[in-house]
Every structure is written in structure tokens, then in C-alpha cells.
Amino acid sequence: QVQFVESGGGLVQPGGSLRLSCKTSDFALDYYAIGWFRQAPGKEREGVSCISSSDGSTYYADSVKGRFTISRDKTKNTVYLQMDSLEPADTAVYVCAANIMRTSCPGLRYEYAYWGQGTQVTVSS
């Protein structure tokens with residue numbers, strides 16, 4: 001079964017940084033648009049960022065724009081989410097997935113598949 005593996009989460013103080021990684025050995029990550037999502041306790045899953053497969057263009061939710069950066073390393077078949085200036089509101093489980101219906105971002109939730117287990121990000125002093 002195709003699945004992503006996320007890593008890089010942890011506990012960080014407000015204002016700190018983390019870099020999340022999203023990997024799979026099942027296909028090349030530049031074949032699909034790859035999205036990062038997050039879900040906090042008691043809240044719905046929300047789209048955070050996406051990188052397209054067609055031209056590498058990116059998308060960011062307003063809540064993270066200017067603080068998060070998504071990138072893709074083809075040599076390592078990995079998509080990264082660099083998170084800077086973290087805030088307590090960023091606390092959530094972060095999950096990556098592939099948009100299997102289009103190459104552009106951000107797309108619609110139901111277009112995404114191959115969800116990973118996620119990595120916990122906790123921002124607290």
C-alpha cells in the first residue's frame with residue numbers, strides 16, 4: 001500500500017523553527033502535487049501548503065504565509081516544510097498527501113491520497 005512517511009516534528013518554543021520531511025519509496029514525488037495538512041485536537045484538518053508537480057509553484061494558507069516554506073528535493077525524493085516563527089496555534093499533527101487528480105495546487109481535499117501517519121508539532125513555552 002502506497003503511503004508517505006512524515007518526520008521532523010517535535011516540541012519547540014514560540015518563535016522557533018522546525019523542518020518537516022515527507023518521503024515515500026513508492027513513486028517519484030515530482031509526479032504529483034504534494035500537500036501538507038494539519039489537524040489540531042477538536043478541529044478539522046486544514047490545508048497548509050502545496051507544491052505543484054507541473055511547474056513547482058507553491059500555495060500557502062493565509063495563516064502560515066510568510067512563515068512556512070515548502071520545497072522538493074528530487075535527489076532525495078523528499079518534500080520539506082520549513083516552519084519558522086512558530087506560534088502556539090501551529091500545534092497540530094502534520095500530514096502529507098499526494099493530489100492524484102491534478103498537478104497544480106492546492107486542489108480539493110478529496111483529490112488527495114496516500115496519507116501518512118503524520119508527525120506531531122507542539123509549540124509551547
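Residues numbered from 1 in each chain as written. Predicted model: local features only at pLDDT ≥ 70, side-chain atom pairs only at ≥ 80, totals over all residues. Heavy atoms only, no water.

Draft legend 1. Spotlight on the overall build of the chain. A count of helices and strands for the chain gives 0 helices and 11 strands. Scaling as 2.2 N^0.38, a compact globule of 125 residues should have a C-alpha radius of gyration of about 14 Å, and the chain matches this with 13 Å. Here the C-alpha coordinates of the chain stretch approximately 40 × 25 × 25 Å along the principal axes. By the burial criterion, 42% of the 125 residues in the chain qualify as buried. A sequence separation of at least 24 residues applies to 57% of the contacts in the chain between residues at least 6 apart. In the form shown here, the chain has an accessible surface area of approximately 6,400 Å², with 47% of it arising from carbon and sulfur atoms. For the chain, the distance from the average position of its 12 positive side-chain charges to the average position of its 12 negative side-chain charges is 2 Å. (Helix = DSSP H or I, 4+ residues; strand = E, 2+ residues; numbered from the N terminus. Rg over C-alpha atoms; globule rule 2.2 N^0.38 Å. Buried < 20%, exposed > 50% of the residue type's maximum accessible area, 1.4 Å probe, protein only. Contact = heavy atoms within 4.5 Å. Areas by Shrake-Rupley, 256 points an atom, 1.4 Å probe, with all protein chains shown as cover. Lys, Arg positive; Asp, Glu negative; His and termini not counted. Charge placed at Lys NZ, Arg CZ, Asp CG, Glu CD.)

Draft legend 2. Expanded view of unusual backbone geometry. Of note, the bond from cysteine 105 into proline 106 is cis; its omega dihedral lies within 30 degrees of zero at -5°. For proline 106, the position within the fold is in the loop between strand E9 (92-99) and strand E10 (112-113). Even without being glycine, asparagine 77 reaches a positive phi, approximately 50°. Among the structural elements, asparagine 77 can be located in the loop between strand E7 (68-73) and strand E8 (78-83).

Draft legend 3. The arrangement of the sheet that holds E8 in detail. The strand order across the open sheet built from 4 strands is E1-E3-E8-E7, with neighbouring strands paired in antiparallel fashion. Edge positions in the sheet fall to strand E1 (5-7) and E7, since each has one partner strand and no second. The mean inter-strand angle of the sheet, taken between neighbouring strand axes irrespective of direction, is 15°. Where E1 meets strand E3 (residues 18-23), 3 bridges bridge the pair, whose relative direction is antiparallel. Note that in E3 the partner of glutamate 6 across the bridge is cysteine 22. (Pairing = 2+ DSSP bridges. Axes fitted to C-alpha atoms, helices over the stretch in contact; angles between N-to-C directions.)

Draft legend 4. Representation of the pairing of E7 within the structure. Across 6 bridges, E7 lies against E8 in antiparallel orientation. Each residue of the ladder has a partner; that of arginine 72, found in E8, is valine 79. Between E7 and E8, which follow one another and run antiparallel, lie 4 residues, and asparagine 77 among them has a positive phi close to 50°.

Draft legend 5. The arrangement of the pattern of salt bridges in detail. If you walk through the whole model with that rule in mind, you get 7 salt bridges. Note that aspartate 30 and lysine 74 form a salt bridge whose closest N and O atoms lie 3.7 Å from each other. With aspartate 30 in the loop between E3 and strand E4 (33-39) and lysine 74 in the loop between E7 and E8, this residue pair connects regions lying 44 residues apart in the sequence. Given the relative accessible area of 29%, aspartate 30 is considered partly exposed. Put simply, glutamate 87 and arginine 67 hold a salt bridge, and the shortest N to O gap is 3.8 Å. Taken together, the residues span a long stretch of sequence, with glutamate 87 in the loop between E8 and E9 and arginine 67 in the loop between strand E6 (58-60) and E7 at a distance of 20 residues. Glutamate 87 gets classed as partly exposed once you look at its relative accessible area, which sits at 35%. Residue classification places arginine 67 among the buried positions, given a relative accessible area of 12%. If you follow the salt bridges from partner to partner, you end up with Arg38, Glu46, Arg67, Glu87 and Asp90 in one network. (Salt bridge = Lys/Arg side-chain N within 4 Å of Asp/Glu carboxyl O.)

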